[in-house]
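Each chain, letter by letter, is given below.
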Amino acid sequence: MATLGDMGLSAAINILSALVFLVAFAILRLQPFNDRVYFPKWYLKGLRSSPTRSGAFVTRFVNLDWRSYLRFLNWMPDALRMPEPELIDHAGLDSAVYLRIYLLGLKIFVPVTLIAWTILVPVNWTNHTLAKSDVNYSEIDLLSISNIPLGSQRFWAHTVMAYAFTFWACYILQQEYAKVARMRLHFIASEKRRPDQFTVLVKNVPPDPDESISETVEHFFLVNHPDHYLTHQVVCNANKLAKLVKEKKRNQNWLDYYQLKYARNQSQRPMMKTGFLGLCGEKVDAIDHQTAEIERLSKEIPEERERVINDPKSIMPAAFVSFKTSKFIKSFIQGFLPGIALKIFLILLPTILMIMSKFEGFLSISGLERRSASRYYIFNIVNVFLGSIIAGTAFQQLNKFIHQSANEIPKTIGVAIPMKATFFITYIMVDGWAGIAAEILRVRPLIIFHLKNFFMVKTEKDRDEAMDPGSLGFDTGEPQIQFYFLLGLVYAVVTPILLPFILVFFGLAYVVFRHQIINVYNQEYESAAAFWPDVHGRIISAMVISQLLLMGLMSTKHAALSTPFLLALPILTISFHLYCKGRYEPAFRRYPLQEAMMKDTLERAKEPNLNLKAYLQNAYIHPVFKGGDDDDEDEDEIFEKLEATVLVPTKRQSRRNTPVPSKVSGDSSPSLPDLQEKGRP
């Protein structure tokens, strides 16, 4: 059993580690050669440039301004200074709402901690139950519910506090749900137009011997959604073309490097070896070799592009379908016609869960991360929380189990579960304190950037690509936060001494991640806080788990009068969840019709001449078909070729019901109005 001295030593080590990480970060971030590691977001936005190269050579790498070191902790108030509306404009709603999860933890647990320490800690401490028993315990356990004697009237205090904590948590959750829902609707209404607001991905298009994929998609939507369908773009398999384009970019980068090197010293032309990694093979003129390779690829790329466009085998059974208005899309169903080993496993687990989510059919990054997060959360509950309690109890009390009757085992488990709080306090300090402090130091990106900068960077473009801003990582970060919610809710009544450690985690994590979001992370997507129903649901799950565990614990304490009153808590909590689900969740699943119509009306008023089809038609073509420095063909010409692809003339009888002739095949069957005209006498 961990004693107060053991916990103090552990706390000292982890606090010292956290301080070392924070001080190291505060100093390293001031050095010019680390600027792209700790401020990549500003570089990506084009609002920050490399520190000046003028002056002494050493100033390119080390900050010699001693006054800046006096303000080395200014990053903390700077991280808190940016107001939330500006933060949303800067980093997006997802990032801003993600930070609100930490604020939610503080809003729930600050009052809970104060009340628990004011009422429950004295109630638990002023007993001598553990001192008179022969159960292994530590000084910390004297402050837990384990120190209350069997059948004591003091359990009423824990019952009342369980209700108080539940009602307070539900109130805060309801307020936060309403707030985030309003933020989401306002964000969507004020957001700039994006192609995905009008477009869905249609998968598993059934093969048809008489029609191409493009014709099948077009005819289906012209028949079934003639008032809303606008255009579509089939998905192409252009992997080989993408490899050629990537190879050309790499060779162009090497050519720029060798030309720059030759410009600095024209006395000798740069040479290179053509073998593996430039370590072996024939030695040739580097500039001539790269120029020849680029010319070769410039011929192969158009040929491969033509093959992709004209080869039916390159067309995938999927298409991006765009519609005229944010209300039809939101109601459209996206388908078509119907120890070390453990540590290594934990490292690989997020990747495994992402792969499993892909097999389920989730395609968007936000959908994949939300699905993976739900599984990761379940894994934490079963393996980390319940596994630690059960395994720890069994081993710590093994001797007691062997020498006692079977009837006494439930009582021993009931006493031992609160004693596991010492393990979780240590876990919080290691993972939640030192771990969060290590996050801001960014050791791995720091090392990788400087390795790339030393061995691989040849041009400024290379230096930009060497930056690794990263992102929030919702699939692993959010389940970690939820685990702390679970610990706080479970131990709020049982062992309140754990709560201050939870508060330190939420406060430190909020400041650190706010800084990272402002200066570092470059979020891969924007879902307008679509993940909040999952956050709310998992906190509700943690509340129900804590209530059930408390009932199980109280039942072993012979609290026959107070325990039955706890039965209503899970029922009330689940009822509250169903209320919130019906009241607020629709705003996260479907865009309200009134809001959608208002957004459409405003867009038509602001841009009456907007050609929506022209805006959408090229939005979802394969990236290698889009114009750029490495493309020799105009993007509009490529799209015209994709549109003009020769298609198989249709013989399907269902074509007679198509009200509009195909835009892809000029000789499509006559439309329904034409047939009606011809049929009149």
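Residues numbered from 1 in each chain as written. Predicted model: local features only at pLDDT ≥ 70, side-chain atom pairs only at ≥ 80, totals over all residues. Heavy atoms only, no water.

### So, the environment of Lys45
Here is step 1: Summarising the element assignment, Lys45 is placed in the loop between helix H3 (40–44) and helix H4 (66–70).
Here is step 2: Along the backbone, Lys45 and His90 are 45 residues apart, and their C-alpha atoms lie at a distance of 9.5 Å. (Helix = DSSP H or I, 4+ residues; strand = E, 2+ residues; numbered from the N terminus.)

### Observations regarding a nonpolar patch on the surface
Here is step 1: A cluster of nonpolar side chains, Val443, Ile447, Leu451, Phe454, Phe455 and Met456, forms an exposed patch at the surface whose accessible area comes to about 680 Å².
Here is step 2: On the secondary structure map, Leu451 appears in helix H19 (residues 443–455). (Patch = residues over 30% accessible without salt bridge, like charges linked within 9 Å, V, L, I, M, F, W, Y side chains within 5 Å. Areas by Shrake-Rupley, 256 points an atom, 1.4 Å probe, with all protein chains shown as cover. Salt bridge = Lys/Arg side-chain N within 4 Å of Asp/Glu carboxyl O.)

### Section: helix H11 (residues 239–264)
Here is step 1: With 26 residues, H11 extends 38 Å between its outermost C-alpha atoms, agreeing within 8% with the 38 Å of an ideal straight helix rising 1.5 Å per residue.
Here is step 2: All buried positions along H11 are accounted for by Leu241, Leu244, Val245, Lys248, Asn251, Asn253, Leu255 and Tyr258.
Here is step 3: Packed against the buried residues of H11 are strand E3 (271–273), helix H12 (286–310) and helix H20 (460–466). (Expected span 1.5 Å × (residues − 1). Buried < 20%, exposed > 50% of the residue type's maximum accessible area, 1.4 Å probe, protein only. Contact = heavy atoms within 4.5 Å.)

### Points about the packing of H11 against H12
For any two helices packed against each other, the geometry comes down to the angle between their axes and how far apart the axes lie.
Here is step 1: Across the interface, H11 lies against H12 with an axial gap of 9 Å and an inter-helix angle of 155°. The pairing of H11 with H12 is recorded here as roughly antiparallel in orientation. Between H11 and H12 lies a crossing whose hand is left-handed.
Here is step 2: Tallied by class, residues from the contact of H11 with H12 come to twelve nonpolar, six polar and eight charged. (Axes fitted to C-alpha atoms, helices over the stretch in contact; angles between N-to-C directions. Parallel < 35°, antiparallel > 145°, perpendicular 65-115°, else oblique. Left-handed = near helix turned anticlockwise from the far one by under 90°. Nonpolar A, V, L, I, M, F, W, Y, C, P; charged D, E, K, R; others polar.)

### A closer look at the packing of aromatic side chains
What characterises a pair of aromatic rings is the spacing of the ring centres plus the angle enclosed by the ring planes.
Here is step 1: Here the structure, examined in full by the defined rule, presents 28 aromatic pairs.
Here is step 2: On the numbers, 5.3 Å between centres and 75° between planes, the contact of Phe25 with Tyr38 is edge-to-face. Of this pair, Phe25 sits in helix H1 (residues 4–28) while Tyr38 is found in helix H2 (residues 35–38), placing the two residues 13 residues apart along the sequence.
Here is step 3: Given the relative accessible area of 0%, Phe25 is considered buried.
Here is step 4: Tyr38 sits in the buried class, given a relative accessible area of 0%.
Here is step 5: Ring geometry for Tyr427 and Phe483: centres 5.5 Å apart, planes at 70°, overall edge-to-face. Of this pair, Tyr427 sits in helix H18 (residues 421–441) while Phe483 sits in helix H21 (residues 474–494), and the two are 56 residues apart along the sequence.
Here is step 6: Sitting over the face of the ring of Tyr262, Arg269 holds its NZ or CZ atom 5.2 Å from the ring centroid. (Phe/Tyr/Trp six-rings, centres within 6.5 Å; stacked < 30°, edge-to-face > 60°. Lys NZ or Arg CZ within 6 Å of the ring centre and 35° of its normal.)

### Here's the deal with the packing of helix H23 (residues 532–555) against helix H24 (residues 568–584)
Here is step 1: Where H23 contacts H24, the two axes come as close as 9 Å, and the packing angle between them is 170°. Taken as axis vectors, H23 and H24 run roughly antiparallel relative to one another. Residues His536, Gly537, Ile540, Met543, Val544, Gln547, Leu548 and Met551 of H23 form the contact with H24, whose own contacting residues are Leu569, Pro570, Thr573, Ile574, Phe576, His577 and Cys580.
Here is step 2: For the contact of H23 with H24, the class distribution of residues is ten nonpolar, five polar and no charged.

### Brief notes about unusual backbone geometry
Here is step 1: A positive phi is found at Arg442, a non-glycine position, where the angle reads about 55°.
Here is step 2: Mapped onto the elements of the fold, Arg442 is located in the loop between H18 and H19.
Here is step 3: Backbone geometry at Ala528 places phi at a positive 55°, although glycine is not the residue there.
Here is step 4: Secondary-structure assignment places Ala528 in the loop between helix H22 (499–519) and H23.
Here is step 5: Look at Ala528 and you get buried, because its relative accessible area is 6%.

### Things to note about H22
Here is step 1: Taking 1.5 Å per residue, 21 residues should reach 30 Å; H22 reaches 30 Å between its end C-alpha atoms and fits that length.
Here is step 2: For H22, the tally of buried residues reaches 18 of 21 residues, placing the bulk of the element in the interior.

### Brief notes about the side chain of Thr159
Here is step 1: Inspection of the secondary structure assignment puts Thr159 in helix H9 (residues 155–190).
Here is step 2: Judged by its relative accessible area of 3%, Thr159 is buried.
Here is step 3: Apart from residues lying up to four places away in sequence, Thr159 is in contact with Met554, Ser562, Phe565 and Leu566.

### What about the state of the cysteines?
Here is step 1: This structure, assessed with the given rule, holds zero disulfides.
Here is step 2: Considering cysteine sulfurs only, Cys580 is the nearest to Cys170, which forms no disulfide, with 7.7 Å between them. (Disulfide = S-S within 2.5 Å.)

### What to know about the side chain of Asn124
Here is step 1: Within the element layout of this structure, Asn124 appears in helix H7 (residues 93–125).
Here is step 2: Excluding anything up to four places from it in sequence, Asn124 contacts Leu142, Leu143, Ser144, Ile145, Asn147, Ile148, His158, Val494 and Pro496.

### With respect to the pattern of salt bridges
Here is step 1: Using the criterion set out here, one finds 14 salt bridges in the structure.
Here is step 2: Here Arg48 and Asp35 are joined by a salt bridge, their closest N and O atoms 2.8 Å apart. Taken together, the residues Arg48 in the loop between H3 and H4 and Asp35 in helix H2 connect sequence positions 13 residues apart.
Here is step 3: Taking the relative accessible area as the measure of exposure, Arg48 reaches 34% and is therefore partly exposed.
Here is step 4: Classification of Asp35 as buried rests on a relative accessible area of 7%.
Here is step 5: Here Arg296 ties to Glu293 by a salt bridge, and the two come within 2.7 Å at their closest N and O atoms. A residue pair is termed a helical-turn pair when its members lie 3 or 4 positions apart in one helix, as Arg296 and Glu293 do in helix H12 at three residues.

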